[in-house]
Amino acid sequence: MNKPQTSIFGSVYFVLMAIFLYLPILILILFSFNDSTVLAFPLKGFTLDWYRQLGNARELLISARNSVWVGVLSSILAVALGSLAAIAMTKHHMPARNLFLSLASVPLVMPSIVLGVAMLVFFRKVLGLDLNMWLISAAHVLISIPSTILIVMARLADFSANLEEAAMDLGANYWMTLIKVTLPISFPALVAAFLTAFTTSFDEYAMTTLITGTDTTLPVYLYSLLRFPRRLPVAVAMGSIIMIVSALLVVLAEWLRRWGTARTPKEERV
Amino acid sequence: MRDETSLSTHVSIKDGRGGIEKKLTGIPRKSQLALLVSPSVLWLIILLVLPLITMIGLSFQKSAFGPGSDVFTFASYLNFWQNSAYQSLLGKSLWISLVVAVMSIVLAYPVAYFLAFHAGDKQGMLLNIMIIPAWTSFLLRVLAWRLILGSNGLLNTFLMWLGVIQEPISGLFYSVNAVIITLVYIWIPFAALPIYVALLRIEPGLLEAASDLGAKPWQGFFKVTLPLSIPGVLAAFLYVFIPTVGEYVTPALVGGPNGLMIGNIIWDQFMRGLDWPMGATLSLVVMLIVLLPLIFMAKAAQQTGLFGGKSE
């Protein structure tokens, strides 16, 4: 192949694509320093006011706290459920394995609105529950189950069963082996799965808004702010911080996953 | 990220199983298996299966609450069948999803190709650069496109400054095009990942063989690389197409009255308290449209080994 030539085209294209992907984000960050309540060009002047006002934006902070709470709770549960299922699927001869895997993948492919609406009807009409943070957390566990199962399965399928066999030969029982051997080995995958689940939960709007009662999560609150442009710049300031933090989290998760699976994509060739 | 894992597991999973099964035979495996799987099965049943069954029931009711809730009727389905407004909206949503999926794939393919074959040892870093935007706030990124496409937006101001246009183009914002541009922007990283993984799987020897046999580079691409990356392209298509069919947030934010999709009507039926049974019916229609091709493709993949090998 005519490598150098293609490579130049490829590099230019990649740079253009990166600009396209990052420009909107950079524009938002730019506006978080703009001295005007109106989010429109031309820019007015530099200010740190919006970041200062963050401390007083009570509802915004409460919704952010709710989101962290929901994110942590749902991700821990999703990782627990997902990794147990992943162990069952990789280490056992599981009956109806394909059926289970298909069912567990449904949240990944089901449109958010259908999921949200179905849960709304089930919670309100059938169970007669008031919508609250617990239900949102439970729903977020559901949408993170597929990704946690897949991430942990990839890790478990990777390492040799010899270690577990050795532990059992040395007298460890089944659960002891899981805790002493399987758990530490899959730890990087568990952290990566947790971070993936947390990021998903923290950003989920389309389904969450349908099952939100009086307490809101951050995306739901942000959306409601779009109708009150005056308070929007503070939200944009908060959003800028969140975008940078979540970008760092993604880098961490990806790094852990790569470090955990200890192989580069190239070696994945089968 | 998750796409990549999901694709690679299908292949590697079989190697990990098997070995230990022999060793585990002495232990009561059924109870272990039950303990391992039952939490997630329970979760899936309570939060997925039962809600969906409820919704099927609701779609056959006359009304969601009150005396009408005991009446069994096909009214909502009949309504959908007879009301061309619903059908054309559904058609438009499918069309938008198709355009968005195809555009995302076309724009993402060269990126995936570059990453897989020409990025060298920077591959991991460049891949991260592609992925990171996909994990930052969805709502804020859509909001950013409001700033770009609005009449005082970046694009208009820029074009006017260049002198290309004298008056702001108003058709950019609150239109179907705005929805498509924003969604393509959102989906490009997700479309690139499965294609990238599929390209990585291609044996370099195949391309060398093609070129040894006299194929020009472009022939090598069209006869070897492209056909072998089709599983990745199909996966990318599904990853983009499926969520887009039910999308309602982006149309509500940048679509205006002309850019609304079927998801917006479903939302209205439930959240504006209009007609829950009708909303349930429309949701089920969307679900069927999304799941049927998926089941069909999964079956095809199982038979032909399309997605990296037969599952059993």
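As the structure is a computational prediction, the values presented were derived from the model and not from experiment.

Rules of the game
- Residues numbered from 1 in each chain as written.
- Chains lettered and ligands numbered in written order.
- Predicted model: local features only at pLDDT ≥ 70, side-chain atom pairs only at ≥ 80, totals over all residues.
- Heavy atoms only, no water.
- Patch = residues over 30% accessible without salt bridge, like charges linked within 9 Å, V, L, I, M, F, W, Y side chains within 5 Å.
- Areas by Shrake-Rupley, 256 points an atom, 1.4 Å probe, with all protein chains shown as cover.
- Salt bridge = Lys/Arg side-chain N within 4 Å of Asp/Glu carboxyl O.
- Helix = DSSP H or I, 4+ residues; strand = E, 2+ residues; numbered from the N terminus.
- 1 Å grid on protein atoms, 1.4 Å probe; cavity = no way out; pocket = protein on both sides within 12 Å on 5 of 7 lines; lining within 4 Å.
- Points joined across faces, edges and corners; volume = space filled by probe spheres on them.
- Nonpolar A, V, L, I, M, F, W, Y, C, P; charged D, E, K, R; others polar.
- Contact = heavy atoms within 4.5 Å.
- Buried area = accessible area lost by both parts, 1.4 Å probe.
- Expected span 1.5 Å × (residues − 1).
- Buried < 20%, exposed > 50% of the residue type's maximum accessible area, 1.4 Å probe, protein only.
- pLDDT = per-residue confidence, 0-100.

## What to know about a nonpolar patch on the surface
Thought 1: A contiguous nonpolar surface patch, about 550 Å² in accessible area, is contributed by Ile 8, Val 12, Val 15, Leu 16, Ile 19 and Leu 23 of chain A.
Thought 2: Note that Leu 23 of chain A resides in helix 1 (residues 3–31).

## What about empty space enclosed by the protein?
Thought 1: By the definition in use, this model includes 9 cavities of 30 Å³ or more.
Thought 2: Within this model, the second largest cavity holds a volume of roughly 60 Å³.
Thought 3: Residue lining of the second largest cavity: Leu 222, Tyr 223, Leu 226, Leu 232, Ala 235 and Val 236 of chain A together with Leu 139, Leu 140 and Leu 143 of chain B, and that is the complete set.
Thought 4: Elements supplying a minimum of two residues to the lining of the second largest cavity: helix 10 (218–225) and helix 11 (232–261) of chain A together with helix 7 (138–149) of chain B.
Thought 5: Counted by class, the lining of the second largest cavity contains 9 nonpolar, no polar and no charged residues.

## Things to note about the interface of chain A and chain B
It is common to give the size of an interface as the accessible area lost on bringing the parts into contact.
Thought 1: Contacts between the two partners involve 106 residues from chain A and, on the opposite side, 108 residues from chain B.
Thought 2: Summed over both sides, the interface of chain A with chain B buries roughly 10,100 Å², with 77% coming from carbon and sulfur.
Thought 3: Here chain A and chain B share 0 salt bridges between them.
Thought 4: Here the side of chain A that touches chain B gets 18 residues from one element, more than from any other, and that element is helix 1 of chain A.
Thought 5: Class assignment for the residues of the side of chain A that touches chain B results in 76 nonpolar, 16 polar and 14 charged.

## So, helix 9 (residues 187–203) of chain A
Thought 1: Spanning 17 residues, helix 9 of chain A covers 24 Å between terminal C-alpha atoms, matching the ideal 24 Å at 1.5 Å per step.
Thought 2: Summarising burial for helix 9 of chain A: 14 of the 17 residues are buried, a large majority.

## Some remarks on the pattern of salt bridges
Thought 1: Scanning the entire structure with this criterion turns up 3 salt bridges over all chains.
Thought 2: Note that Asp 268 of chain B and Arg 272 of chain B form a salt bridge whose closest N and O atoms lie 3.1 Å from each other.

## With respect to the confidence of the model for chain A
Residue and element names in this part refer to chain A.
Thought 1: For chain A, mean pLDDT is 82; residues scoring 70 or higher make up 90% of the total.
Thought 2: Within chain A, the lowest mean pLDDT, 74, falls on helix 7 (residues 162–169), and the highest, 90, falls on helix 3 (residues 58–91).
Thought 3: A low-confidence stretch, residues 263–270 (pLDDT under 50), is modelled with 16 contacts involving residues beyond four sequence positions or located in other chains.

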